[in-house]
Amino acid sequence: MSPRRTETGGLIDRLRTIRFTFDGAPYTGHAGDTLASALLANGVTLFGRSFKYHRPRGLLAAGVEEPNALVTVLRGEVREPNIPATMVEIYDGLVAVSQNRTPSLAWDISAVNQLGGKILSAGFYYKTFMGPVIGPLKGTRFWMFCEHFIRRSAGLGKAGTAPDPARYERMNAFCDVLVVGSGPAGLMAAKAAADQGARVILADLEAHFGGFANWSGETIDGMPAADWAQRTVGQLEGNDNVRLLPRTTVWGYYDGNTLAALERVTDHKEVAAKGEPRQRYWAIRAGTVVLATGSFERPLVFPGNDRPGVMLAHAAERYAVEYGVLPGQRVALFTNNDSAYRSAVALKKAGAAIIAVVDVRGEVSNEMRRLASDAEAELLAGHAVVATEGGKALTGLKVQRFDAMSGALSGDERSIHADSLLMSGGWSPTIHLASQAGAKAEWNPARQAFLPPKPTQRWIGAGAFTGSFSTAEAIAEGRAAGLQAAGGAASSAPLPVVEAAPGDPDPAPVFEIKAKGKSFVDFQHDVTAEDVRLAHREGFVSVEHLKRYTTLGMATDQGKNSNVPGLAIMAEALGKPIPEVGTTRFRPPYTAVSIGSLAAERFGDLKPERLTPMHDWHLANGARMYSAGLWYRPMIYGLAGETVEQAYVREARATRESAGIVDVSTLGKIAVQGPDAAELLDRVYTNMFSTLAVGKARYGLMLREDGLAFDDGTTWRLGEQEFLMTTTTANAGKVMQHLEYFLDVIWPELKVTVTSVTDEWAGAAIGGPNARAILASCVTGTPVDNATLPFMGIVRGRIAGVPVMICRLSFSGEMAFEVYSGAGYGTRVWEALIEAGKPFGLVTYGLEALGTMRIEKGHVTGAEIDGRTTARDLHLDWMLSKKKPFIGSAMMDREGLIGSDRLELVGVIALDNRALNGGGHIVEELDEANPHDSLGHITACCYSPALGKYIALALVKGGKARHGTRAFVSDPLRNRFGPIEIVSNHFYDPDGSRMHG
Amino acid sequence: MLITCPYCGPRDVIEFTYQGDGNRERPQPASQDLDAWNAYVYDRLNPAGDHNEIWQHSGGCRAHLRVVRNTLTHDILSTAFARGGHKAEGRS
Amino acid sequence: MAEQHLPEHQSPLEPEYHPGSHGNFEHGVDVILSETRPGSILQLAAWPGEEKRLIEIVGKVTGLALPDGAGGGVSSGVRAVFGFAPGKFTVADEAEGLAASFAGAITPAIGTLTDLSHGRTAIRIAGPKAEWVMAKFFAIDFALPAFPLGAGRSTNHHDVFAQIQRTGADQFDIYVFRSFARSFWKALCHASEEVGYEVQ
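Source: prediction; values computed, not measured.

Peer 1: Summarise the overall build of chain C; cite the residues concerned and give the values.
Peer 2: For chain C, the count of helices and strands is four helices and 12 strands. Taking 16 Å as the expected radius of gyration for a compact globule of 200 residues, we find that chain C reaches 17 Å, a close match to that expectation. Each principal axis of the C-alpha distribution contributes one length, and for chain C these read about 55 × 40 × 30 Å. Here chain C holds 200 residues, and the buried ones make up 59% of them. Looking at chain C alone, contacts between residues at least 24 apart form 69% of all its contacts between residues at least 6 apart.

Below, the structure is given as structure tokens:
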């Protein structure tokens, strides 16, 4: 038998023993235990070292708000730090380790920090690490010097570096009613809404539904509350309209009643089933939300309140009743309210000796006196705890007379021998989600708590969340909320009958006992009451500043315990009432959320990839692929031993000498159809399309509304009212959206349909002196001679028995054709072209050779149409029609866009016969040590097999005027400097004789 | 945030693309009034409160919508097809 | 093009299409995945005010009666049609050549016809966990009352546009862009592992 496990009781399965390790030592527990309850049952009192002072810390709470007992759970190489031991369900083989200690929990060398307590007070880092004004450690250098040591000593768990192989998923859910929290209020709400036929989701962050009912010891409808809860859950399980989500933390409440939740699907399992995600991120769109999130018990602030063995009263009660574990044998309680009396009785029942109930209130009701005597406890009304004793475990405490009105202590200190001190500083409703949803919390002086604001979104509160702390109220409010949320009428049917201990929900307004010693407000960040007062003395009066200066409430627990006590102490220092000090707004997430769950399925190779119809052919034929946006395109088809440059030079040269073929399926393609199709094109392109003959293509340029260049491409007229527009690969989506915008918003009268047909067509561009002969040998149904297929002409025919469209147009500068076929025939047509090209030495070429040939020709792409250049800058002003207005025509002639010092497109030749770099600057005078006065920059570069030189395109100030002049490239980042000549961007075949044939 | 598309119903904001201030008025295509063009291209109201906006249901039916959104609360006060004409049912 | 028999379209899924049971199927498969490979996938668009006439034409050509309402649709197992945007409809047919049947009927006064038979890939998911798996991808409500039989929806999964038609109480046909199809298919298989799936 474990030293602290009770003989009977609890919701654990005593027949199932589970083995796990903590800090390397083996332990056992039972199914239903958390790591916290199992270790407590084994007599472990020391769970962690505190953040700054490395003080020994034990369990403070039993639930999600636990600030001290943070552990790291190891799964193979993967470590997940900073999980409250109270939220870790044990399983066979669980490996957990404690944090922030060196070398071990019991012997932590940094515990000497406690001696320097005054030094490490609020603002310590800000003040200390400003650094001297001069010298080697001036300014922030001192901080950077010290940071290394500080990071090692202060802090929480260490994140792992091993890749996380677990699967995470996102789920989208819709419901009429989302109930958050499954205590009596939540269960009643879910039941009432489900009975109305509503679609209900019930989520609870704990493993078991029931909340308070699981450990209240109360009776509902004549049965133990825990049984009533299980019966209700059973009824919900049988309802098809209800989705039950245990282990699911609703952590964010967003606009439009959209909520985010994290389900821990397999964290409690030894092994996940195949395909089962570790965690699921639920995005829930709820008609109405019922917030039944309960409340948190607050610690009292007094010297030594952080010693292991000092625990929240309800937590001890919960360990005893739900897990069958006693936190101590000799228990004292310290309270400012009635709820601790119930805890005392419960612990007495579970087998502990209740030594004393220390109550700050001088007047204690007869009912509470009776409970104290039921617990056989000495009642010390009008007393306060002023000190605790012990090292890594509590051995005793000291009490003194206390006046709740003045806060004054009097009389002699009295020592009490105890191994467990349970405190209750009142209760704070868990209003986080309501606060996230919008409005500001409201202070209730009777409850001494912030109550939820009036809803700004569609939610209804129920139970302790609203400040109604009794189960009877929770049940009534829960049912009413569920009915209202489901659109049902209020019910007058009798409610389940509750038998519960009596108690006044209002505490005495006492938060702190001012006595000598460290009194902790924020346990996780080691913020003391004195830190708060120091911040006030130093002028931090706003609660937001207080928070940041002291880091109160900024630890992983986000101040679930410390918020209200911290505010109360600040308010007292300011001499203002608490509501005037205000509270900070809670923001998502409510608890820590794994990044994995947010990334969900968009991880690793599950990023979508766009593949052309010939993708597999490219892979099978030696292509090295290149990712261009989401597309994958061949970069080169390298031969054995070839470098990238050798490969693309070979491919480009062979194309210019005989023929080459490239996959151009990624080009954006938009079907523009309808009676007004030509009119639309006249408006969006700078040049005319209404005059284009059917069966012809034209190169077009689009501007943005502000007159800058937007995109270019050829558009084919396939019919009187039907065009096939092509765009650059990168801008396909943007151009589509541009057209849709104008059709929907600006020109709704135009009858035009635009449809993305990028994926409908496979495209192969075949170019070179032999391209026409290759086509002629494989195309049936149409001649491809100059008369039938002139430059920019289109014919329809067949290749390999399937229909194709062929347009004679050229990007490479050679006699070239684009062959389009249905995407499902793409590989078939491609292979037929390759086969037909064999006698001609046809090469496949990739993006590198494509880019090389376009640079040689001086064609622009997205590198030059970069959102800053105009048509004139790119020497495309010949395309600007003067006969019609078009998008951008009114703005393109603004002063700044026509100046003579604009960056213009030029060609650049490296005079030192070395490769140039994209992004390298062009300068008039070379000064390697102090580069300055950029004239412009290189946008694209290559080795040109046609010229036998390293060339580039560049945007250079007053470009055209500089043709024939010399300058320098200056690229200090890559240490590339050297002489260049500025030339026309049309390096190769400037009169186009090759492509016109 | 949810936006109710008149065709598709309420959808998550991730399906939509903001397409700019809905108060802009485009001058006549042939207009040479540079001030008017400047105002159209660059001037924005940026109000604290209700704002007329254009959103495209780019991840859905792709229709552009006129949306009135409160910039302080993110409340969507109304949505309608920018082009008019089609009724929500997709037919007349 | 009906004058000559055309070869079968190459599926974009081929190297990743593995018939058989996969994932956590020891306790049975809860979804069945398949590529339906319709011979024709068309987009029909009506000018505002011409929707009714277009719907009549759809009825005449396909024999399918489109029900009222945004996203309304119907499927016969061989042919399917649904609205996916104002005045816009997707029609699919097992047979090729449906475009030719519509070509004369949809005049410029009514609207337009766009052949997407190659450009869209149709993937079917069926089985008791179909809604569950679909919910992993799309932020729309797949419950039967919210997404009735025959109805169509346009939505997206990250960059992957999808038109979805419910063609059975627990069956959905998903039309995605061909270039994304393999990537989406892989993701769909991955997401189905948990419930056990069979590729047919």
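Next, the rest of the story.
Peer 1: Describe the overall build of chain A, naming the residues involved and giving the relevant values.
Peer 2: Of the regular secondary structure elements, chain A holds 24 helices and 51 strands. Projecting the C-alpha coordinates of chain A onto the three principal axes gives extents of approximately 110 × 75 × 55 Å. For chain A, with 997 residues in total, the buried portion stands at 56%.

Peer 1: Break down the confidence of the model for chain C for me, citing the residues and quoting the values.
Peer 2: A residue-level look at chain C finds 98% of positions with pLDDT of 70 or above and a mean pLDDT of 95. Prediction confidence for the complex, expressed as pTM and ipTM, is 0.93 and 0.97 respectively.

Peer 1: Would you mind going over the interface of chain B and chain C in detail, with residue names and values included?
Peer 2: Taken together, the contact pairs 19 residues of chain B with 18 residues of chain C. When the residues that make up the side of chain B that touches chain C are grouped by side-chain class, the tally is seven nonpolar, six polar and six charged.

Peer 1: I'd love a proper account of the interface of chain A and chain C, names of residues and values included.
Peer 2: Counting residues at the interface gives 42 residues for chain A, matched by 41 residues for chain C. Those elements that place two or more of their residues in the side of chain A that touches chain C are β8 (168–180), β35 (668–673), β39 (753–756), β43 (802–807) and α21 (826–837) of chain A. Among the elements that take part in the side of chain A that touches chain C, β8 of chain A stands out by supplying six residues, more than any other. For the side of chain A that touches chain C, the residue count by class is 17 nonpolar, 12 polar and 13 charged.

Peer 1: Describe the UniProt feature "domain: Aminomethyltransferase C-terminal" (unreviewed entry) in chain A, naming the residues involved and giving the relevant values.
Peer 2: On the UniProt side, "domain: Aminomethyltransferase C-terminal" (unreviewed entry) is annotated at positions that read residues 906–989 of chain A here. Structurally, residues 906–989 of chain A is divided into 0% helix and 50% strand, and its ends, taken at the C-alpha atoms, are 16 Å apart.

Peer 1: Tell me about the nonpolar core, and please be specific about residues and values.
Peer 2: Among the nonpolar cores identified, the biggest contains 378 residues, and Val290, Ala344, Ile766 and Leu833 of chain A are the most heavily contacted of them. The contacts of leucine 833 of chain A, once residues within four sequence positions are left out, are Ile661, Ala764, Ile766, Ile774, Cys778, Ile799 and Val819 of chain A.

Peer 1: Talk me through the sheet that holds strand β4 (residues 50–56) of chain B; I want residue IDs and the actual numbers.
Peer 2: The four strands lie next to each other as β3-β4-β5-β6 (chain B), forming an open sheet whose pairing is antiparallel. Of all strands in the sheet, those with a lone pairing partner are β3 (17–21) and β6 (76–81) of chain B, marking the two edges. The mean angle between the axes of side-by-side strands here comes to 30°, regardless of whether they run parallel or antiparallel. The strands that helix α19 (residues 732–746) of chain A touches are β3, β4 and β5 (64–70) of chain B; relative to β5 of chain B, the one it contacts most, it runs at about 80°.

Peer 1: A description of the sheet that holds strand β17 (residues 310–312) of chain A should follow, citing residues and the corresponding values.
Peer 2: Residues and elements named next belong to chain A. The five strands are arranged β17-β24-β18-β19-β20 in an open sheet whose pairing can be described as parallel. Of all the strands in the sheet, just β17 and β20 (378–381) have a single pairing partner and so form its edges. Across the sheet, the mean angle separating the axes of adjacent strands is 20° when strand polarity is ignored. In this sheet, β20 lies alongside strand β19 (residues 353–359) in parallel orientation, the contact comprising four bridges.

Peer 1: Explain unusual backbone geometry residue by residue, including any values.
Peer 2: Residue and element names in this part refer to chain A. In this structure, the amide linkage connecting proline 588 to the following residue, proline 589, adopts the cis form with an omega of -5°. With respect to the element layout, proline 589 can be found in the loop between α14 (578–581) and α15 (595–599). For aspartate 221, which is not glycine, the phi dihedral falls at a positive 50°.

Peer 1: Before we move on, can you summarise the UniProt feature "domain: SoxA A3" (unreviewed entry) in chain A with the specific residues and values?
Peer 2: Here, UniProt's "domain: SoxA A3" (unreviewed entry) annotation points to residues 516–601 of chain A. Between the C-alpha atoms that bound residues 516–601 of chain A the distance is 54 Å, and the span itself is 44% helix and 6% strand.

Peer 1: Account for the packing of helix α11 (residues 529–537) of chain A against helix α12 (residues 543–550) of chain A, with residues named and values stated.
Peer 2: Each pair of packed helices can be described by the angle between their axes along with the distance between the axes. All names here are of chain A. Remark: α11 packs on α12, axes separated minimally by 10 Å, with the N-to-C direction vectors making an angle of 120°. Comparing their axes, α12 and α11 come out oblique. The handedness of the crossing between α11 and α12 comes out as right-handed. Two secondary-structure elements touch here, α11 through Asp531, Val532 and Ala535 and α12 through Leu546, Tyr549 and Thr550. Split by residue class, the contact of α11 with α12 holds four nonpolar, one polar and one charged.

Peer 1: An account of the packing of helix α4 (residues 184–195) of chain A against helix α10 (residues 471–485) of chain A is requested, with residue identities and associated values reported.
Peer 2: All names here are of chain A. Packing of α4 against α10 leaves a shortest axis separation of 7 Å and a crossing angle of 30°. With respect to α10, the axis of α4 lies roughly parallel. Judged by the sense of rotation from one axis to the other, the crossing of α4 with α10 is right-handed. In this structure, α4 contributes Pro184, Ala185, Gly186, Leu187, Met188, Ala189, Ala190, Lys191, Ala192 and Ala193 to the contact, and α10 contributes Thr471, Ala474, Ile475, Glu477, Gly478, Arg479, Ala481, Gly482, Leu483 and Ala485.

Peer 1: So, the pairing of β5 of chain B: which residues are in play, and what are the values?
Peer 2: Residue and element names in this part refer to chain B. Relative to β5, β4 is paired through seven bridges, and the arrangement is antiparallel. Across the sheet, the residue bridging to glutamate 53 is valine 67, located in β5. As paired elements, β5 and β6 share five bridges and run antiparallel to each other. Among the inter-strand pairings, arginine 69 is bridged to a residue of β6, identified as isoleucine 76. Between β5 and the antiparallel strand that follows it, β6, lie five residues; histidine 74 among them carries a positive phi value of about 65°.

Criteria and cut-off values
- Residues numbered from 1 in each chain as written.
- Chains lettered and ligands numbered in written order.
- Predicted model: local features only at pLDDT ≥ 70, side-chain atom pairs only at ≥ 80, totals over all residues.
- Helix = DSSP H or I, 4+ residues; strand = E, 2+ residues; numbered from the N terminus.
- Rg over C-alpha atoms; globule rule 2.2 N^0.38 Å.
- Buried ≥ 20, exposed ≤ 12 C-beta atoms within 10 Å, placed from the backbone.
- Contact = placed C-beta atoms within 7 Å.
- pLDDT = per-residue confidence, 0-100.
- Nonpolar A, V, L, I, M, F, W, Y, C, P; charged D, E, K, R; others polar.
- UniProt positions renumbered as here; feature names shortened; annotations may be inferred.
- Core = buried A, V, L, I, M, F, W, Y, C linked by C-beta atoms within 7 Å.
- Pairing = 2+ DSSP bridges.
- Axes fitted to C-alpha atoms, helices over the stretch in contact; angles between N-to-C directions.
- Parallel < 35°, antiparallel > 145°, perpendicular 65-115°, else oblique.
- Left-handed = near helix turned anticlockwise from the far one by under 90°.

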